Amino acid sequence: MNMRAAPAALMAAIHPVSLRVNTYLINLDRAPLRRFRMERLLAGFGLAYERVAAIDGAAISLPHPGFDEESYLRRHGRRPNPFEIGCYLSHVECARRFLASNAEFALILEDDLDFDDDLPELLEAALRHRAHWDILRLSTVNSGRKHRVEPLTASRSLAIALTREKGSGAYLVNRQAAQWIAGALLPMRLPYDLAFDLEFDDGLRACFVDPLPVGQRADPCSQIQAGLSAYRLGRRRPWSVLPFRAAAEIRRFVARFGRLAAWRLTLSPASMGRRSKREGRDDCLPAQSRPNAVRRLP
């Protein structure tokens, strides 16, 4: 369902950010309550969106052309989880739809999210700072430190994470990042959130927003997480898993620390002051740590 065709009673005035950003909502056909809840939240912001019917893992059989089982076992050390495969391919489908459009950016959302009230304002600020990122992550399920590098609004900043971050609930991408998702990330060799946390291997730049504007609910009904222990191999996992993970962590730290250091050296306090005076915008004010109220629906 495209939100532009939604009933007028549900849809607020279209927010201007929708003219530059295509929003895609991943939602299973058999999860209508999640869909209705997200519809209400997005309508409240005036964000037009396109619903992408999630690929249902219950209908996936192996072998599958979009899944490299041998590489998955070697890198991740688990049995294939068909619901995880469906989630992965659903994100790829969003990237493909975006690339088939004329939009400059895509906002990709899963359907178990809560948003802070300043989401549209934040998206506009993120687009003004588009030169700094290819992937802008708005949520995570980890609590690792985010190192602030550039103010976005009076209360939020661009930030870089030096450690692995899981979760792919909400993120912005430009067309270069979408091409990477729809190309280099196929076939699937890792869970999606781990695969797209390796953007640095292909020269892409990822940032977080800090504080995070989107919360991802821990849903006990999630079929990806349900029975997860059944897919673990424990001590029987291949010896290659730990070296792969260790190498990825080292590459991540080196690549992102290099970006962080360069950013900190380039954006000295003096240069930041000159930019603030020249641009005269609120997004150049020092970031505050107080996030806005979270918008939640039952």
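For clarity, every value in this text was computed on a predicted model and none was experimentally measured.

**Student:** Quick question: what am I supposed to make of the overall build of the protein here?
**Tutor:** When helices and strands are counted, the protein shows eight helices and 11 strands. When the 298 residues of the protein are sorted by exposure, 51% land in the buried category. At a minimum sequence separation of 6, the contacts of the protein that also span at least 24 residues come to 85%. Approximately 14,000 Å² of the protein is accessible, and the part contributed by carbon and sulfur atoms is 56%.

**Student:** Looking at this model, I keep getting lost on the side chain of D134. Mind explaining?
**Tutor:** Within the fold, D134 resides in the loop between α4 (119-128) and β5 (135-137). Within the structure, D134 has its side chain in polar contact with the side chain of N174 (distance 2.8 Å). Ignoring anything within four residues of it in the chain, the contact list for D134 reads L172, V173, N174, Q176, A177, L204 and R205.

**Student:** Explain the pairing of strand β1 (residues 21-27) to me, please; I cannot follow it from the model alone.
**Tutor:** When a strand is regular, its side chains alternate between the sheet's two faces. Burial analysis of β1 places seven of its seven residues in the buried class, the great majority of the element. Here β1 shows a buried face lined by V21, T23, L25 and N27 and a second buried face lined by N22, Y24 and I26. As judged from the five bridges shared by β1 and strand β3 (residues 105-109), these two strands associate in the parallel manner. The residue of β3 that forms the bridge with N22 is A106. Two elements, β1 and strand β2 (residues 50-53), share four bridges in a ladder whose sense is parallel. The partner of Y24 across the bridge, within β2, is E50.

**Student:** Can you walk me through the pattern of salt bridges in this structure?
**Tutor:** Two side chains carrying opposite charge are able to pair once their charged atoms lie near each other. Following the criterion strictly, the structure yields 20 salt bridges and no others. Note that E199 is salt-bridged to R256, the shortest N-O span being 2.9 Å. In this pair, E199 is assigned in the loop between α6 (192-195) and β9 (206-210) and R256 in helix α7 (residues 241-266), connecting sequence segments 57 residues apart. The network of salt bridges with common partners includes R137, D197, E199, E249, R252 and R256.

**Student:** For this particular structure, what's the right way to read the environment of I85?
**Tutor:** Mapped onto the elements, I85 comes out in helix α3 (residues 82-99). Here I85 falls in the buried class, since its relative accessible area comes to 1%. Contact partners of I85, with chain neighbours within four places excluded, come to I60, L62, F67, P80 and M188.

**Student:** Looking at this structure, I do not really get the packing of helix α2 (residues 69-76) against α7. What am I missing?
**Tutor:** Look at α2 against α7: their axes get within 6 Å of each other, and the N-to-C directions meet at 75°. Relative to α7, the element α2 is oriented roughly perpendicular. Facing α2, whose interface residues are L73, R74, R75 and H76, α7 presents V241, F244 and R245. In terms of residue class, the contact of α2 with α7 is built from three nonpolar, one polar and three charged.

**Student:** Just checking my understanding: could you explain helix α1 (residues 32-45) for this structure?
**Tutor:** Given 3.6 residues to a turn, an α-helix orients residues that are three or four positions apart in the same direction. Under the 1.5 Å per step criterion, the end-to-end length of α1 is 20 Å for 14 residues, consistent within 8% with the ideal 20 Å. Among all positions in α1, only R37, M38, E39, L41, L42, A43 and F45 are buried. Just downstream of α1, G46 is the residue with a positive phi angle, here 75°.

**Student:** Would you mind going over α3 with me for this structure?
**Tutor:** In this model, α3 (18 residues) spans 26 Å end to end at C-alpha, consistent with the 26 Å of a helix rising 1.5 Å per residue. Looking at α3, one finds that the buried residues are F83, E84, I85, G86, Y88, L89, S90, H91, V92, C94, A95 and F98. For α3, the side-chain oxygen to backbone nitrogen distance between the N-cap and F83 is 3.0 Å, and the N-cap itself is N81.

**Student:** Would you mind showing me how to read unusual backbone geometry here?
**Tutor:** Where the residue is not glycine, phi is negative for most of them; where a peptide bond is considered, it is trans in most cases. Cis rather than trans, the peptide bond between L62 and P63 has omega equal to 0°. Of note, P63 is situated in the loop between β2 and α2.

**Student:** Looking at this structure, I do not really get the side chain of E39. What am I missing?
**Tutor:** As for its placement among the helices and strands, E39 is situated in helix α1. Given the relative accessible area of 8%, E39 is considered buried. Within the structure, the side chain of E39 is placed 3.2 Å from the side chain of Y49, a separation counted as a polar contact.

**Student:** I tried to follow the confidence of the model for the protein on my own but got confused; where do I start?
**Tutor:** Close inspection of predicted coordinates is inappropriate for parts of the model with low pLDDT. Model confidence for the protein is summarised by a mean pLDDT of 87, while 79% of its residues fall at 70 or above. For the stretch residues 1-9, pLDDT sits under 50, and the model shows 17 contacts to residues farther than four places along the chain or on other chains. Confidence drops under a pLDDT of 50 for residues 278-291, and excluding neighbours within four residues, the segment shows 30 contacts in the predicted structure.

Calculation notes
Residues numbered from 1 in each chain as written. Predicted model: local features only at pLDDT ≥ 70, side-chain atom pairs only at ≥ 80, totals over all residues. Heavy atoms only, no water. Helix = DSSP H or I, 4+ residues; strand = E, 2+ residues; numbered from the N terminus. Buried < 20%, exposed > 50% of the residue type's maximum accessible area, 1.4 Å probe, protein only. Contact = heavy atoms within 4.5 Å. Areas by Shrake-Rupley, 256 points an atom, 1.4 Å probe, with all protein chains shown as cover. Polar contact = N/O pair within 3.5 Å; in protein donor to acceptor, adjacent residues only side chain to side chain. Pairing = 2+ DSSP bridges. Salt bridge = Lys/Arg side-chain N within 4 Å of Asp/Glu carboxyl O. Axes fitted to C-alpha atoms, helices over the stretch in contact; angles between N-to-C directions. Parallel < 35°, antiparallel > 145°, perpendicular 65-115°, else oblique. Nonpolar A, V, L, I, M, F, W, Y, C, P; charged D, E, K, R; others polar. Expected span 1.5 Å × (residues − 1). pLDDT = per-residue confidence, 0-100.

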